[in-house]
Amino acid sequence: MAALAINDLPDGRRVLALDGRLDSNTVRAVWSDAHRALADAPGKPVTVDAAKVDYCDGAGVALLIDLIAQERAAPVEIANLKPAFELLLKQFDPKRVAKDIDPEVKRRPAIEEIGRAAAAVWKDIAEQITFIGELSAALFHALLRPHTVRWRDVWRVCERVGVDALPIVALISFLLGMILAFQSAVPMKRFGAEIFVADLIGLSMLRELGPLMTAILLAGRSGAAFAAEIGTMRVNQEVDAITTMGLDPVRFLVTPRVIAALLMTPLLVLFSMLLGLVGGAITMTSFSIPVVTFMKEVESAVSFTDFMAGFVKSFVFAILIAGIGCLRGLQTAAGASAVGESATRAVVSGIILLVVVDGIFAVAFYILNI
Amino acid sequence: MATHDPLAAEGPARRTPGEVLIEVDHLYAGYDGTAILDDVSFNIRAGEVFGILGGSGGGKSTILKHMIGLVPPVSGHVRFAGEDIVGADGEELERLRRRFGVMYQSGALFGSMTLLENVRLPIEVYSGLPGDAMNLIARMKLALVGLDAFTGHLPSEISGGMQKRAGIARAMALDPSILFLDEPSSGLDPITSATLDATVRRLAESLGVTFVIVTHDLPSVFASIDRVVLLDKKARGIIAEGDPRELRDSSPDPRVRAFFRREPEKAAA
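1. Concerning the sheet that holds strand E4 (residues 76-79) of chain A
All names here are of chain A.
Item 1. Reading across from one edge, E1-E2-E3-E4 is the order of the four strands in this open sheet, with mixed pairing throughout. Either end of the sheet is taken by a strand with one partner, and the two such strands are strand E1 (2-8) and E4. Recorded for the sheet is a direction-independent mean angle of 20 degrees between the axes of neighbouring strands.
Item 2. Relative to strand E3 (residues 46-56), strand E2 (residues 14-22) runs parallel, the two being bridged by eight bridges. Residue alanine 17 lies in a different strand from E3, and its bridge partner there is aspartate 49.
Item 3. Of the strands in this sheet, E1, E2, E3 and E4 are in contact with helix H1 (residues 28-40), which crosses E2 at around 170 degrees.
Item 4. Contacts between helix H3 (residues 83-90) and the sheet are confined to E3 and E4, with E3 contributing the most and set at about 115 degrees to the helix.

Written out as structure tokens, the structure reads:
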């Protein structure tokens, strides 16, 4: 334990006698009292008598430094400190360590924050445009010289993007078909129009929900994984190594992932459309609509053009998901939290872009009367 | 807590010089049941600066991980003042770990915190001191490694060597009685490395802190380490133990002399 005794001598000095162990567990017992003893006698010279201190580690030395460095009219001196502890004390310049010479940067003014945010958005747009150019060139290069593509990487990514995602895509699409059918069949039954639920599910799953839901699932799953994987490579300087070896990170890292996504996303979209219809058909059997009747109605309501309108979108969505995931990975800054931030940005910007592009498709199809 | 803790940091006057503080006993070091080092035993005395040396891939860091209770060994024991860390869990493990500080190879600083906050964190958790006192201690630890002018910087804003020095400052935050340093001088310039060696010696001599240092850096070994064990991959264990200067000058084993004299052709033979 540590103890403190305060004695005022006839010559006007105040003596703070410290006793016992001064370490991180014990020093707090005397810290405040020692401060108060100094504050109570601002004009008196103070001697800190450390003769009875039998142990003093960094926390103990901190107390002594804190006392020496107090700004007051009369000085504070340390007396009778054992040589071993004196050595520890002498390591520090009390005036220097007593104050923070590198304070944390204060928060910037709001107007500066807005300016910086706007500049960051502009920089991001410029980088996205540059990336689209680089990716187009890399894909064109891959098309002309397929042997330069790292096909082993492509198949590995195909497995992760396609095969591994199949159960979740199938489950979500199946449930989506069931929910859509159930929610619409109940009110339509009142009008005896439950057979038209097949039209609704057929059109919505093939034109819109099949491609969009699959793409959103892939953005959350594969887009984030691409960003995290490439982001970690960036933090570990693997991307720098690729660059200094004379290789293009876009051709080396991005092209295989985009090709894999281009191969797998349309297949997953087909599964999604199919499972959505199956879910709807099964639900409708409980409304006395047999599966055969349901499928016949879908066949009459949905044209090949409707199917193609959804199917074509899947290729564009594939490029968007893989591209934005890889771009966010390549943009990763330093630090442990940077990879997480890249993955989050990949998902958020991926989903936003998917919805925007889907809207553009809707307008284009309307104008083209598709 | 009222219970007696045999590892509590004790002043030089109370410490019996030369008492065994850490005992590595018939340790089979490795991962997932596969040993890379067989039957390793050595003792580390209180106040000693002890080095674990060896070639790359020789199992130095693996032994360190077993000693600090991060990875369980294949078999064997590591005792701190008689208490076995192998198999310890929950509060027992936490209490043992609180008594030592560890500096990891990369510094392992928390990226979202400034250097001051990184060093302050263990003090905040365990000491209960006023905020100003905690800041002062953290600044002092950073001053010890020459980083008191960078307290407000984030780890991403300083160099790798500086991150390592900040890692040492954090390991020393609570003035533990034992400090484990994993490759402390790699990535440091010679002046900083020499400063660090001097700091190690000063803390060992004035406070009786026990150091366990995993290193390759021979100038640092000769400058600051009292005793070493030299591990060898082929021998799957310790091939030498003792004062590094004596081992360099008069070891009967040519592999040991070659290691300390940096003679690759003799080491290979």
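2. Details of the pairing of strand E10 (residues 237-242) of chain B
Item 1. Sheet topology note: the strand E9 (residues 227-232) of chain B/E10 of chain B ladder contains five bridges and is antiparallel. The residue bridging valine 228 of chain B from the neighbouring strand is glycine 242 of chain B, located in E10 of chain B.

3. Looking at the confidence of the model for chain B
Item 1. Per-chain confidence: chain B averages 84 in pLDDT, with 91% of residues scoring 70 or above.
Item 2. Counting interchain partners and residues more than four positions distant, the pLDDT-below-50 stretch residues 1-17 of chain B has 31 contacts.

4. Considering the packing of aromatic side chains
Item 1. Enumeration according to the criterion identifies 13 aromatic pairs over all chains in this entry.
Item 2. Summarising the aromatic geometry, the rings of phenylalanine 361 of chain A and phenylalanine 365 of chain A are spaced 5.6 Å apart at their centres and angled 40 degrees between planes, so their arrangement reads as tilted. You can see phenylalanine 361 of chain A and its partner phenylalanine 365 of chain A sitting in helix H13 (residues 336-367), four residues apart, about one turn around the helix. Grouping residues by exposure puts phenylalanine 361 of chain A and phenylalanine 365 of chain A together as buried.
Item 3. Residues phenylalanine 100 of chain B and phenylalanine 180 of chain B carry aromatic rings whose centres are separated by 5.1 Å and whose planes lie at 85 degrees to one another, so their mutual orientation is edge-to-face. With phenylalanine 100 of chain B in strand E6 (residues 100-103) and phenylalanine 180 of chain B in strand E7 (residues 178-182), this residue pair connects regions lying 80 residues apart in the sequence. Residue phenylalanine 100 of chain B shares its accessibility class with phenylalanine 180 of chain B, and that shared class is buried.
Item 4. Ring pairing ties together the aromatic residues Phe304, Phe307, Phe311 and Phe315 of chain A, which thus form one cluster.

5. Let's talk about the domain arrangement of chain A
Item 1. Under the domain assignment, chain A is made up of domain 1 (2-98) and domain 2 (111-367).
Item 2. Here domain 1 of chain A and domain 2 of chain A have C-alpha centroids that lie 67 Å from each other.

6. Some thoughts on H3 of chain A
Item 1. Listed as buried for H3 of chain A are Phe85, Leu88 and Leu89 of chain A. For H3 of chain A, the arc enclosing every buried residue in end-on projection is 100 degrees, short of the 170-degree limit, so these residues lie on one face. The exposed residues of H3 of chain A that point more than 90 degrees off its buried face are Pro83 and Lys90 of chain A.
Item 2. Looking at the buried residues of H3 of chain A, the elements they touch are E3, helix H2 (58-68) and E4 of chain A together with helix H6 (190-207) of chain B.

7. Side note on a nonpolar patch on the surface
Residue and element names in this part refer to chain A.
Item 1. A cluster of nonpolar residues, Val121, Trp122, Ile125 and Ile129, forms a patch on the protein surface that exposes about 450 Å² of accessible area.
Item 2. Counting through the fold element by element, tryptophan 122 comes out in helix H5 (residues 110-144).
Item 3. Taking the relative accessible area as the measure of exposure, tryptophan 122 reaches 62% and is therefore exposed.

8. Some details on the interface of chain B and chain A
Interface extent is often summarised as the accessible area lost during association of the parts.
Item 1. Taken residue by residue, the interface counts 35 residues in chain B and 31 residues in chain A.
Item 2. Of the roughly 2700 Å² buried at the junction of chain B and chain A (both faces included), carbon and sulfur atoms supply 60%.
Item 3. When the buried surface of chain B facing chain A is broken down by residue, Leu136, Arg139 and Met140 of chain B rank first, second and third, together holding 19% of it.
Item 4. Viewed at the interface, chain A and chain B are joined by one salt bridge.
Item 5. With a closest N to O distance of 2.6 Å, arginine 96 of chain A and aspartate 148 of chain B form a salt bridge.
Item 6. Run the count over chain B and chain A and you get five residue pairs in polar contact (both at pLDDT 80 or more).
Item 7. Those elements that place two or more of their residues in the side of chain B that touches chain A are helix H3 (115-126), helix H4 (131-144) and H6 of chain B.
Item 8. The element contributing the most residues to the side of chain B that touches chain A is H4 of chain B, with eight residues.
Item 9. When its residues are assigned to classes, the side of chain B that touches chain A shows 17 nonpolar, nine polar and nine charged.

9. Some points on the sheet that holds strand E4 (residues 75-80) of chain B
All names here are of chain B.
Item 1. What the four strands build is an open sheet, ordered E2-E1-E4-E5; its pairing is antiparallel. In this open sheet, the two strands that pair with only one neighbour each are strand E2 (34-45) and strand E5 (83-84).
Item 2. Set on the sheet, helix H1 (residues 60-67) makes contact with strand E1 (20-31), E2 and E4; between it and E1 the angle comes to about 120 degrees.

10. Looking at the packing of helix H7 (residues 166-189) of chain A against helix H8 (residues 197-235) of chain A
Residues and elements named next belong to chain A.
Item 1. Where H7 contacts H8, the axes come no closer than 10 Å and their chain directions differ by 145 degrees. Handedness of the crossing formed by H7 with H8: right-handed. Here H7 contributes Ile168, Val169, Ile172, Ser173, Leu176, Gly177, Leu180, Ala181, Ser184, Ala185 and Met188 to the contact with H8, which in turn contributes Val197, Leu200, Ile201, Ser204, Met205, Leu209, Met213, Thr214, Leu217 and Arg221.
Item 2. When the residues that make up the contact of H7 with H8 are grouped by side-chain class, the tally is 15 nonpolar, five polar and one charged.

Conventions adopted
- Residues numbered from 1 in each chain as written.
- Chains lettered and ligands numbered in written order.
- Predicted model: local features only at pLDDT ≥ 70, side-chain atom pairs only at ≥ 80, totals over all residues.
- Heavy atoms only, no water.
- Pairing = 2+ DSSP bridges.
- Helix = DSSP H or I, 4+ residues; strand = E, 2+ residues; numbered from the N terminus.
- Axes fitted to C-alpha atoms, helices over the stretch in contact; angles between N-to-C directions.
- Contact = heavy atoms within 4.5 Å.
- pLDDT = per-residue confidence, 0-100.
- Phe/Tyr/Trp six-rings, centres within 6.5 Å; stacked < 30°, edge-to-face > 60°.
- Buried < 20%, exposed > 50% of the residue type's maximum accessible area, 1.4 Å probe, protein only.
- Domains from an automatic or database assignment.
- Arc of directions from axis to C-beta.
- Patch = residues over 30% accessible without salt bridge, like charges linked within 9 Å, V, L, I, M, F, W, Y side chains within 5 Å.
- Areas by Shrake-Rupley, 256 points an atom, 1.4 Å probe, with all protein chains shown as cover.
- Salt bridge = Lys/Arg side-chain N within 4 Å of Asp/Glu carboxyl O.
- Buried area = accessible area lost by both parts, 1.4 Å probe.
- Polar contact = N/O pair within 3.5 Å; in protein donor to acceptor, adjacent residues only side chain to side chain.
- Nonpolar A, V, L, I, M, F, W, Y, C, P; charged D, E, K, R; others polar.
- Left-handed = near helix turned anticlockwise from the far one by under 90°.

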